[in-house]
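For reference, the chains in residue letters:
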Amino acid sequence: MTELCDLTGDELSTKLRAGEITAVALAESALARREAVDDRVGAFLTPTPEVALERAAELDTYLATGAPQTGVAGIPLALKDVLTTKGIRTTCGSKILETYVPPYDATAWTRLSGAGSVLIGKTNCDEFAMGSSNENSAYGPVHNPWDLDTVPGGSSGGSAAAVAAGMAVWALGTDTGGSVRQPASLTGVVGLKPTYGRISRYGLIAFASSLDTVGTFTRSVRDAATLLGVMAGKDRRDATSLDADVPDFTRGLDDGAAGLRVGVLAEAFGEGVEPDVATSVRAGVDRLASLGAEVGEATLPHAEYALSAYYLIAPSEASSNLARYDGVRYGLRVDGDDSIEMMFRTRGAGFGPEVKRRIMLGTYALSAGYYEAYYGQAQKVRTLILQDYAAAFERFDVLVSPTSPSTAFPIGAKADDPMAMYLNDIFTIPANLGGVPAISVPCGLDGAGLPIGLQLTAKALDESTMFRAAAALESDLDLELRPPLLAAA
Amino acid sequence: MTEYEAVIGLECHVELSTATKMFCGCRNEFGAPPNTNVCPVCLGHPGSLPVPNREAIRRIITIGLALGSEIAPHSLFHRKNYFYPDMPKNYQISQYDLPICVGGHLDVEVPNGQGSRVGITRVHMEEDTGKTTHGSPSGRIHDADAALVDFNRAGVPLVECVSEPDIRSPEEAGAYLRELRATLESLDVSDVRMEEGSLRCDANVSMRPVGDTELGTKVEIKNMNSMRSLERALAYEISRQTKALETGEPIVQETRHWNEDAGATATMRSKEEAFDYRYFPEPDIPAIEPSAEWIEELRAALPELPRARRERYVAEHGLKDEVVRVLVADRTASGLFEQTASLGADPAAAANWITQDLAGLANKHGAEAAARVTPRHLVDLLALLGDDAISGAGAKQALEDVVETGDDIGAIVERRGLRQVSDSGELGAIVDGVLAEHDDASRKFRDGNESVIGFLVGQVMKASGGSANPKLAQELLRDRLQG
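## Here's the deal with the overall build of chain B
Here comes step 1: Within chain B, the secondary structure is distributed over 16 helices and 15 strands.
Here comes step 2: The C-alpha radius of gyration of chain B comes to 29 Å, more than 25% above the 23 Å expected for a compact globule of 483 residues.
Here comes step 3: By its C-alpha atoms, chain B is 90 × 60 × 55 Å across when sized along the principal axes.
Here comes step 4: Every one of the 483 residues in chain B was classed for burial, and the buried ones make up 50%.
Here comes step 5: Across chain B, contacts joining residues at least 24 apart in sequence account for 70% of those joining residues at least 6 apart.
Here comes step 6: Summing over all exposed atoms, chain B offers an accessible surface of approximately 22,300 Å²; the carbon and sulfur share of this is 49%.
Here comes step 7: Averaging the locations of the 51 positively and 77 negatively charged side chains of chain B gives two centres separated by 2 Å.

Structure, rendered in structure tokens:
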């Protein structure tokens, strides 16, 4: 049975506005769903039911006065556990931060909270957002609500699963190489990675600073546009946040695809892409064409080097970003005979194997004598990819590819093969290197009944056009996406 | 035997005295209780981000302009990665291949020597670290059972100024550091107090045969905490390296630590143990790109620099070189001098009093007490001296009283009875009394023993309770004895 927690944020906001439902009833609905299914899914690391109900009650009092209401007021939100929440434990899916309670809120959450958002809990993720399956969490894997034996994708697997299973109406994740879009694709929800700098990174616990973005999981493109509108804009606490106009992203969503110039990335349908994925994404492109979009073939000639460049830049930055976890000021401390030994032991005990692998990779890539060959070379690739995008966006408004080469795979299938795991992000990584916005929208199911995502990419700061194309496709496909987990309930 | 010359370059670190830290809004102050000026950013909390302090950027540009550097239109922060418990992020935000200020020079004057020009390689912006104290009964590191870290200093804006290896002697190094300090002081960018660590200095030293142009093996010396220890450490290191060269011992490239008590340097870490800092561009901070207009605005606003000021004092006031050097090395002193002179006091006398008597009182009573002396005090004091209304000794007493109390000169002179009796009628009566009492002395004088006049003046001073003008007393005595 469809419950309140299964509706879109937009539908719920309308009901709240009309007084048909209360924020408390809505929060209770989402909390009840978590009670019912999360022992099997494992989406939440720190649920916050008391915080949610108290906040919802406050909002009901406020909303009853008939005061102006934002599009997010009263609607339950889950936060990936790499976004800091003042007074609420934030672990990054790591043992090293198991007891860490931040003294401040992430700006993205501050803005949503200020607009009336209701925090329902902190979600599971790959440790320090490093992974594509959520198997790298120190607190156990997340199970995909579409098939509990498969992964939900990663690294924001908990947020994706929470939204897919109705435990939250929407959720925030972070996307460094595809960590929002790929799990959105694997769990049948909409996953947005905005332009780099659109949303402040203050309070986003850094993995790779030049690539990290806050992103959203929603059940509709409109909801993604609503959330982005609340969070976007210059933040004086983040020097890399963009001082660009923030349009009303929900305007023009219904303008259709007619006249949009859609470039299909030919190279994204080759070897390694599951046939069902390629077929479904091509069908999506055909739908856009039938809606009046001008479809052509696009190319990002240097995208084939993106994965290699990413696995030099991201670990390099990570090796530095994660140096602060030394047991001196917060988090885990394992005592030693002196401060250096304490630090060695703390880091040895606190970090999992994938995090250690990437710290070593990055440390090596930045070392004297190797810097130019690795980090320097990777930065050159990055420049070339930026040029590729600039050229492609002269001809096209949006670019299309599969979000992920595959649908959800069984838990454990790629756990021992880092290369196979890294290939999950082959289509999502270029947008991070280029700093451009991208979105994954569900476009169908494979033969096994698992969701497939179609990725749309637009030029920097042009989320509006991207939303318009995504909304046109979403509305035309009109998919009924309900994981079997809920049908059985 | 081969003669060797020293080749010295200095790396100076200067803490800027901005109101807030380099990358966060915490207060930047010396001496606050431990860990009170801290926040998520300067403690390196997960998710926090650095935002550069515009005032600190303004100050480093000003420093660069004063040193004749090129101000880079595009410069980058880099991360310098190494682990240290008092460094919150375990990397320091610094600059690497694109510093804000490139090149420049500082003209220095070695006491009793000739002037020289020391090249500046670069001036760059970075952040300071916290401070570690090892807690143990003995206070010694090896039996410490706790390390206590104070992060108040973490993130304080730090400017590093690197000189070319143009310095040839400890005295020249001292002169360079003094000139740099005076320059920074005149720019009002830092407290430049070596004893508080707001000015710190490391040195690179190598030796080579005189006439050679190739550089010898370089040794870095750290932990020199005063002007004196810089010069001592360099003198020690030069003699150590010279002896090694003369006896054919190899010089090892290494970092050495100056031990003030032992008066010697000792190996800290060798080249093999040197850190690989894994520099890479700081992704959290966009490039620093000051506009040409802003740079020109700052150039136009530069104050008079010490060298120009010294030249002006000589030209305008005819002061002596040594006096000028001492006066201009201290901004408070030269400020006091300027104001005192502008109120009409004799510049040479004012300069002497400031550089000698007042400097002595500052040593005895502390700089804070010495700061009680205002230009008005000096003007009044010099006027009384000029009128012979007080004696030199009386003036010294009065100045010390100002340092102690801050009272007006007039009030002090009255309170302490320092005014000299310069009235010939009043003093004549005392002189007559003394002559009457010391008949033999008078006779001796008349018999040609003129030296006895000193004794008689002394008696007049005694009889007057010290208030007699000794010059006038002598005149009156001579008048009466010879008349």
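What follows continues from the structure just given.
## Digging into the overall build of chain A
Here comes step 1: Secondary structure assignment for chain A yields 16 helices and 11 strands.
Here comes step 2: In terms of C-alpha radius of gyration, chain A reaches 21 Å, essentially the compact-globule figure of 23 Å for 489 residues.
Here comes step 3: In terms of principal-axis extent, the alpha carbons of chain A reach across some 65 × 50 × 45 Å.
Here comes step 4: Here chain A, with 489 residues, has 62% of them falling under the buried criterion.
Here comes step 5: Of the contacts made within chain A by residues no fewer than 6 positions apart, 76% connect residues no fewer than 24 positions apart.
Here comes step 6: Surface accessibility of chain A: about 16,600 Å² in total, with carbon and sulfur atoms responsible for 53%.
Here comes step 7: Separation of charge centres in chain A, based on 40 positive and 60 negative side chains, amounts to 5 Å.

## Some details on the pairing of strand 11 (residues 199–209) of chain B
Residue and element names in this part refer to chain B.
Here comes step 1: Along strand 11, nine of the 11 residues are buried, which leaves the element largely enclosed by surrounding structure.
Here comes step 2: Bridge analysis of strand 1 (residues 4–15) against strand 11 gives 11 bridges, and the strand direction is antiparallel. Bridging across to strand 11, G9 finds its partner in N204.
Here comes step 3: Where strand 11 lies against strand 12 (residues 219–224), four bridges are found, and the strand directions are antiparallel. In the strand pairing of strand 12, V205 is matched with V219.

## A short note on the pattern of salt bridges
All names here are of chain B.
Here comes step 1: Applying the stated criterion across every chain, the model contains 63 salt bridges over all chains.
Here comes step 2: Residue R168 is joined to E5 by a salt bridge in which the shortest nitrogen-to-oxygen separation is 3.8 Å. Taken together, the residues R168 in the loop between strand 10 (157–163) and helix 2 (170–187) and E5 in strand 1 connect sequence positions 163 residues apart.
Here comes step 3: Classification of R168 by relative accessible area gives partly exposed; the value is 29%.

## Remarks on the nonpolar core
Here comes step 1: With 154 residues, the main nonpolar core has A:L97, A:F128, A:L172, A:Y325, A:L399, A:L456 and A:F467 as its most contacted residues.
Here comes step 2: With nine residues, the single largest contributor to this core is helix 9 (residues 306–321) of chain A.
Here comes step 3: Leaving out residues up to four positions away in the same chain, A:Y325 has contacts with A:I96, A:L97, A:F128, A:I205, A:Y330, A:R347, A:F351 and B:P46.

## Quick look at the sheet that holds strand 9 (residues 398–402) of chain A
All names here are of chain A.
Here comes step 1: Reading across the sheet, the 11 strands line up as 1-3-2-4-6-5-10-11-9-7-8 and stay open at both edges, with mixed pairing between neighbours. Pairing within the sheet leaves two strands with one partner each, and these edge strands are strand 1 (44–47) and strand 8 (294–298). Looking at each pair of strands side by side, their axes are set apart by 30° on average, direction ignored.
Here comes step 2: Bridge count between strand 10 (residues 438–445) and strand 11 (residues 451–458): seven bridges; the pairing is antiparallel. Its bridge partner being in strand 11, V441 is matched across the sheet by L454.

## Here's the deal with the confidence of the model for chain B
Here comes step 1: Mean pLDDT over chain B: 92, with 98% of residues reaching 70 or higher.
Here comes step 2: Across the whole predicted complex the pTM is 0.90, and at the interface the ipTM reaches 0.96.

## Re the pairing of strand 4 (residues 91–94) of chain B
All names here are of chain B.
Here comes step 1: Along strand 4, one buried face is formed by Y91 and I93 and the opposite face, lined by Q92 and S94, is buried too.
Here comes step 2: Pairing of strand 3 (residues 78–81) with strand 4, which is carried by four bridges, proceeds in the antiparallel orientation. In the strand pairing of strand 4, N81 is matched with Y91.

## Considerations on helix 15 (residues 452–463) of chain B
All names here are of chain B.
Here comes step 1: Along its 12 residues, helix 15 runs 17 Å from first to last C-alpha, staying within 8% of the 16 Å computed at 1.5 Å per residue.
Here comes step 2: For helix 15, the full list of buried residues reads V452, I453, L456, V457, Q459 and V460. For helix 15, the arc enclosing every buried residue in end-on projection is 155°, short of the 170-degree limit, so these residues lie on one face.
Here comes step 3: For helix 15, the secondary structure elements touched by its buried residues are helix 13 (424–437), helix 14 (439–446) and helix 16 (470–482).

## Observations regarding the interface of chain B and chain A
Here comes step 1: Listed per partner, the contact involves 30 residues of chain B and 38 residues of chain A.
Here comes step 2: Counting across the interface, chain B meets chain A through one salt bridge.
Here comes step 3: Run the count over chain B and chain A and you get 18 residue pairs in polar contact (both at pLDDT 80 or more).
Here comes step 4: Sorting the residues of the side of chain B that touches chain A by element identifies strand 3 and strand 15 (280–281) of chain B as the ones contributing at least two each.
Here comes step 5: Looking at the side of chain B that touches chain A residue by residue, the classes come out as 19 nonpolar, six polar and five charged.

## As for the domain arrangement of chain B
Here comes step 1: Under the domain assignment used here, chain B contains domain 1 (4–297), domain 2 (304–415) and domain 3 (424–482).
Here comes step 2: One C-alpha centre belongs to domain 2 of chain B, the other to domain 3 of chain B, and the line joining them spans 34 Å.

## Overview of the packing of aromatic side chains
Here comes step 1: Inspection of the entire model under this criterion finds 23 aromatic pairs over all chains.
Here comes step 2: Summarising the aromatic geometry, the rings of A:Y370 and A:Y374 are spaced 6.2 Å apart at their centres and angled 15° between planes, so their arrangement reads as stacked.
Here comes step 3: Seen from their ring centres, B:F23 and B:F77 are 5.7 Å apart, and the 80° between their planes marks the pair as edge-to-face. Residue B:F23 is located in the loop between strand 1 and helix 1 (54–66), and its partner B:F77 is located in the loop between strand 2 (70–71) and strand 3; the two are separated by 54 residues in the primary sequence.
Here comes step 4: Using a relative accessible area of 0% as the deciding quantity, one classes B:F77 as buried.
Here comes step 5: Note that A:K414 overlies the ring of A:F409, its terminal NZ or CZ placed 4.1 Å from the centroid.

## Structural notes on the packing of helix 15 of chain B against helix 16 of chain B
Helix packing geometry: the angle between the two helix axes and the distance between the axes.
Residue and element names in this part refer to chain B.
Here comes step 1: Contact geometry for helix 15 and helix 16: axes closest at 9 Å, N-to-C directions at 120°. With respect to each other, helix 15 and helix 16 are oriented oblique. Two packed elements cross with a definite hand, and for helix 15 against helix 16 that hand is right-handed. Taking contact as the criterion, the partners of I453, L456, V457, V460 and M461 in helix 15 are, on helix 16, P470, A473, Q474, L477, R478 and L481.
Here comes step 2: For the contact of helix 15 with helix 16, the class distribution of residues is nine nonpolar, one polar and one charged.

## Some remarks on a nonpolar patch on the surface
Residues and elements named next belong to chain A.
Here comes step 1: A surface patch of nonpolar side chains, about 250 Å² in accessible area, is lined by M419, L423 and I426.
Here comes step 2: For I426, the position within the fold is in the loop between helix 13 (418–422) and helix 14 (429–434).
Here comes step 3: On the basis of relative accessible area, I426 is assigned to the partly exposed category, the value being 32%.

## Looking at the sheet that holds strand 3 of chain B
Here comes step 1: Taken together, three strands build an open sheet; the order of strands is 4-3-15 (chain B) and the sheet is antiparallel. What marks the edges here is a single partner per strand, and that holds for strand 4 and strand 15 of chain B.
Here comes step 2: Strands strand 3, strand 4 and strand 15 of chain B of the sheet are contacted by helix 9 of chain A, whose axis makes an angle of about 60° with strand 3 of chain B.

## Some details on the environment of B:L230
All names here are of chain B.
Here comes step 1: Summarising the element assignment, L230 is placed in helix 3 (residues 227–246).
Here comes step 2: Here L230 falls in the buried class, since its relative accessible area comes to 0%.
Here comes step 3: Residues L230 and C201 lie 29 residues apart in sequence; the distance between their C-alpha atoms is 7.9 Å.

## A few points about the side chain of B:E254
Residues and elements named next belong to chain B.
Here comes step 1: Counting through the fold element by element, E254 comes out in strand 13 (residues 254–259).
Here comes step 2: Side chain to side chain, E254 and R256 meet in a polar contact 2.7 Å long.
Here comes step 3: In this structure the side chain of E254 is engaged in a polar contact, spanning 3.0 Å, whose partner is the side chain of T267.

## Here we look at unusual backbone geometry
Here comes step 1: Geometrically, the link from A:G154 to A:S155 is a cis peptide bond, its omega value of 10° lying close to zero.
Here comes step 2: Residue position: A:S155 is located in the loop between strand 3 (118–123) and helix 5 (157–164).
Here comes step 3: The backbone of A:C92 sits at a positive phi, close to 60°, despite the residue not being glycine.
Here comes step 4: By the secondary structure assignment, A:C92 is in the loop between strand 2 (76–80) and helix 4 (107–114).
Here comes step 5: Backbone geometry at B:V192 places phi at a positive 40°, although glycine is not the residue there.
Here comes step 6: Mapped onto the fold, B:V192 is located in the loop between helix 2 and strand 11.

Calculation criteria
Residues numbered from 1 in each chain as written. Chains lettered and ligands numbered in written order. Predicted model: local features only at pLDDT ≥ 70, side-chain atom pairs only at ≥ 80, totals over all residues. Heavy atoms only, no water. Helix = DSSP H or I, 4+ residues; strand = E, 2+ residues; numbered from the N terminus. Rg over C-alpha atoms; globule rule 2.2 N^0.38 Å. Buried < 20%, exposed > 50% of the residue type's maximum accessible area, 1.4 Å probe, protein only. Contact = heavy atoms within 4.5 Å. Areas by Shrake-Rupley, 256 points an atom, 1.4 Å probe, with all protein chains shown as cover. Lys, Arg positive; Asp, Glu negative; His and termini not counted. Charge placed at Lys NZ, Arg CZ, Asp CG, Glu CD. Pairing = 2+ DSSP bridges. Salt bridge = Lys/Arg side-chain N within 4 Å of Asp/Glu carboxyl O. Core = buried A, V, L, I, M, F, W, Y, C linked by side-chain atoms within 4.5 Å. Axes fitted to C-alpha atoms, helices over the stretch in contact; angles between N-to-C directions. pLDDT = per-residue confidence, 0-100. Expected span 1.5 Å × (residues − 1). Arc of directions from axis to C-beta. Polar contact = N/O pair within 3.5 Å; in protein donor to acceptor, adjacent residues only side chain to side chain. Nonpolar A, V, L, I, M, F, W, Y, C, P; charged D, E, K, R; others polar. Domains from an automatic or database assignment. Phe/Tyr/Trp six-rings, centres within 6.5 Å; stacked < 30°, edge-to-face > 60°. Lys NZ or Arg CZ within 6 Å of the ring centre and 35° of its normal. Parallel < 35°, antiparallel > 145°, perpendicular 65-115°, else oblique. Left-handed = near helix turned anticlockwise from the far one by under 90°. Patch = residues over 30% accessible without salt bridge, like charges linked within 9 Å, V, L, I, M, F, W, Y side chains within 5 Å.

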